[in-house]
Amino acid sequence: MVYKFRVILDTEDDVFRDIAIMEDDSLEDLHNAIVNAFGFDGLEIASFYTCDDQWNQDEEISLFDTGDIPGEQKIMSDYPLNEMLSEDQTKIIYVYDFLNMWTFLVELAAIEAIEIGETYPSLLFTHGIMPANAPEKDFSDSVTSDFDYDEDDYDEDDLDMLDGGENFEDFGFEENWN
């Protein structure tokens, strides 16, 4: 079967591409198809994120293993599309180039039979012109900080490690260590 995706740039202007790809291709294959469809050079890192029906981001699936123990973290090439997406789970988020944060909403639009003579992945339709720079994101409402500053809780004495006549020996340091 062939998965047909609509990949939408997260911006106010309508910029999207429709891509057809084999159901047993990996998320890495979809990443490469998106990079090509939007004209990126493919030299930046990227990740997919699972999400719910309202596009709330969940688990990250990165292009490369960034874990402490090599091979422990699953990456894009480990996930066939048909294991990640289906008629019940149609949405996934894609982020390319974490310095610029090109963010795309990727939705499975159709599952169809293979067309004889067609090569996959294929770019089916393009709409809109890519902006020169990634759309700016407003992260101000997305997360509330756990480090809210309350002036009543601030005690300057808590920050002075040598307050109260203590010296370096009290901390296990020798004054003339060299």
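Shown above is the structure to which this text applies.
Residues numbered from 1 in each chain as written. Predicted model: local features only at pLDDT ≥ 70, side-chain atom pairs only at ≥ 80, totals over all residues. Heavy atoms only, no water.

Quick word on the overall build of the chain
Of the regular secondary structure elements, the chain holds 2 helices and 7 strands. For the chain, buried positions account for 32% of its 178 residues. For the chain, long-range pairs separated by at least 24 residues make up 62% of all intrachain contacts whose partners lie at least 6 apart in sequence. Entry remark: accessible area of the chain is about 12,200 Å², with carbon and sulfur atoms responsible for 45%. (Helix = DSSP H or I, 4+ residues; strand = E, 2+ residues; numbered from the N terminus. Buried < 20%, exposed > 50% of the residue type's maximum accessible area, 1.4 Å probe, protein only. Contact = heavy atoms within 4.5 Å. Areas by Shrake-Rupley, 256 points an atom, 1.4 Å probe, with all protein chains shown as cover.)

Remarks on the packing of aromatic side chains
Counting across every chain of the model gives 8 aromatic pairs. Where Phe-38 meets Phe-104, the ring centres are 4.7 Å apart and the plane angle is 50°; that geometry is what we call tilted. Of this pair, Phe-38 sits in helix H1 (residues 27–38) while Phe-104 sits in strand E6 (residues 102–112), placing them 66 residues apart in sequence. With respect to class, Phe-38 is no different from Phe-104; both count as buried. (Phe/Tyr/Trp six-rings, centres within 6.5 Å; stacked < 30°, edge-to-face > 60°.)

Comments concerning a negative patch on the surface
A grouping of Asp-52, Asp-53, Asp-58 and Glu-59 is seen on the molecular surface, where their side chains present a negatively charged patch. Considering the arrangement of structural elements, one finds Asp-52 in the loop between strand E3 (46–51) and strand E4 (57–62). By relative accessible area, which is 30% here, Asp-52 ends up partly exposed. (Patch = residues over 30% accessible without salt bridge, like charges linked within 9 Å, V, L, I, M, F, W, Y side chains within 5 Å. Salt bridge = Lys/Arg side-chain N within 4 Å of Asp/Glu carboxyl O. Lys, Arg positive; Asp, Glu negative; His and termini not counted. Charge placed at Lys NZ, Arg CZ, Asp CG, Glu CD.)

Considering the sheet that holds E6
Taken together, the 7 strands give an open sheet; going across it, the order is E4-E3-E5-E6-E1-E2-E7, and neighbouring strands pair in antiparallel fashion. Either end of the sheet is taken by a strand with one partner, and the two such strands are E4 and strand E7 (122–127). Between one strand and the next, the sheet's axes are offset by a mean angle of 25°, whatever the strand orientation. Packing against the sheet, H1 makes contact with strand E1 (2–9), strand E2 (16–22), E3, E4, strand E5 (91–96), E6 and E7, and its axis sits at approximately 145° to E2. (Pairing = 2+ DSSP bridges. Axes fitted to C-alpha atoms, helices over the stretch in contact; angles between N-to-C directions.)

Overview of the pairing of E1
Burial within E1 is extensive, with 6 of its 8 residues counted as buried. Pairing of E1 with E2 involves 7 bridges; the strand directions are antiparallel. Across the sheet, residue Phe-5 finds its bridge partner in E2, namely Ile-19. Taken together, the 8 bridges between E1 and E6 define a ladder with antiparallel strand orientation. By the bridge assignment, Lys-4 is partnered in E6 with Ala-110.

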